[in-house]
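Chain residues, written in single-letter form:
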Amino acid sequence: MNKVFIPISIVVSGLIIAGAIYLTTKQQQPQNQPADNVQLSIAPIDASDHIIGNPNADIIIVEYSDFECPYCKGFHVTMKKIMEEYGPTGKVAWVYRHFPLTQIHEKAQGAAEASECVAKLGGNDKFWTYANALSEGSPESLTDENLVANATKIGINEAEFKACLSSDYPKQEVAKDVKDGNAIAAVDKQFGTPYNIMISKSGVQTPIKGNQPYANVKGAIDAILSGTKAQ
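Thresholds applied
- Residues numbered from 1 in each chain as written.
- Predicted model: local features only at pLDDT ≥ 70, side-chain atom pairs only at ≥ 80, totals over all residues.
- Heavy atoms only, no water.
- Phe/Tyr/Trp six-rings, centres within 6.5 Å; stacked < 30°, edge-to-face > 60°.
- Helix = DSSP H or I, 4+ residues; strand = E, 2+ residues; numbered from the N terminus.
- Buried < 20%, exposed > 50% of the residue type's maximum accessible area, 1.4 Å probe, protein only.
- Lys NZ or Arg CZ within 6 Å of the ring centre and 35° of its normal.
- Core = buried A, V, L, I, M, F, W, Y, C linked by side-chain atoms within 4.5 Å.
- Contact = heavy atoms within 4.5 Å.
- Disulfide = S-S within 2.5 Å.
- Pairing = 2+ DSSP bridges.
- Right-handed = clockwise from strand over helix to strand, strands pointing away.

Comments concerning the packing of aromatic side chains
Line of reasoning, step 1. Applying the stated rule across the entire model yields 9 aromatic pairs.
Line of reasoning, step 2. Arranged with centres 5.9 Å apart and planes meeting at 65°, the rings of Y64 and F191 form a pair that is edge-to-face. Here the residue Y64 occupies a position in strand 2 (residues 59-65), and F191 occupies one in the loop between helix 7 (169-185) and strand 4 (195-200), the gap between them amounting to 127 residues. Take Y64 and F191: they sit in the same class, and that class is buried.
Line of reasoning, step 3. Ring pairing ties together the aromatic residues F67, W94, Y96, F127 and W128, which thus form one cluster.
Line of reasoning, step 4. One residue, K120, lies across the ring of Y169, its end atom 4.5 Å from the ring centre.

A look at the nonpolar core
Line of reasoning, step 1. Judged by nonpolar contacts, the single largest core of 36 residues is most densely connected at I82, V92, Y130, F161, M198 and I221.
Line of reasoning, step 2. For this core, the secondary-structure elements that each account for two or more residues are strand 2, helix 2 (70-86), strand 3 (92-98), helix 3 (108-122), helix 4 (124-137), helix 5 (144-153), helix 6 (158-166) and helix 8 (214-225).
Line of reasoning, step 3. Aside from chain neighbours lying at most four places away, what touches Y130 is A114, S115, V118, L147, N150, A151, I154 and F161.
Line of reasoning, step 4. Y64, L101, I184 and F191 belong to the second-largest nonpolar core, a separate cluster that totals 16 residues.

Re the state of the cysteines
Line of reasoning, step 1. Enumeration over the complete set of coordinates arrives at 1 disulfide.
Line of reasoning, step 2. What pairs with C117 in a disulfide is C164, and their sulfur atoms sit 2.1 Å apart. What sets the handedness of the C117 and C164 disulfide is the S-S torsion sign, and at about -90° it is left-handed. Within this pair, whereas C117 is found in helix 3, its partner C164 is found in helix 6, the two being separated by 47 residues in sequence. One exposure class covers both C117 and C164, and it is buried.

Comments concerning the pairing of strand 2
Line of reasoning, step 1. With respect to burial, strand 2 is a largely interior element, 7 of its 7 residues being buried.
Line of reasoning, step 2. The alternating pattern of strand 2 places I59, I61, E63 and S65 on one face and I60, V62 and Y64 on the opposite face, and all of these are buried.
Line of reasoning, step 3. Summarising the sheet, strand 2 and strand 3 pair through 7 bridges and their orientation is parallel. By the bridge assignment, E63 is partnered in strand 3 with Y96.
Line of reasoning, step 4. Handedness of the crossover joining strand 2 and strand 3 through helix 2: right-handed.
Line of reasoning, step 5. Sheet topology places strand 2 next to strand 4; 6 bridges connect them, and they run antiparallel. When the bridges of strand 4 are listed, I60 appears paired with I199.

By themselves these figures say nothing about function.
Following this line, the structure appears as structure tokens:
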């Protein structure tokens, strides 16, 4: 009995340990990557984009976001911290693109359009000030009244702002970002907000999906900057 029992125990124990290692390894692997060698179809970054940081940074992080999405709100805090660390050195830049989930977030589209009007009337810096205010105050900041109040608070002319909102301009700008996001979603079925793509200078893309914690984002950035990932 003992001679039979011991080998079986060893085999069972080995299987348990192997299974634990597999599960641990699986959990530690990035769960946010599309299939190997898949190049996401992302619109080129240009002067029309909302960008903070050095446009020639080693890494540009393009975010597809929704002002009403609570996970986006959390990730916005993470990205602000990332930019505080890497922005001044010119290592990382952040691009914001819209992807309002209109099916579940009734205020997201209006907020996105309002931010486009702020950008048109006040420029890139005003856009980021406004985006920060909307994100930090969401969802209360997304009411029609507060969209106007936050715009005028940062120096946007109220009459011009309302005229812009009534035009087709902001709808068209948001639609361009949504079209871009949909093209990515066609390749990566796990696309959802917040969805970020880290792009190295050589064009290598590293997706970051969901409200990833600061440590995860920092680790991915440091890996690329140190050359431990293929560039």
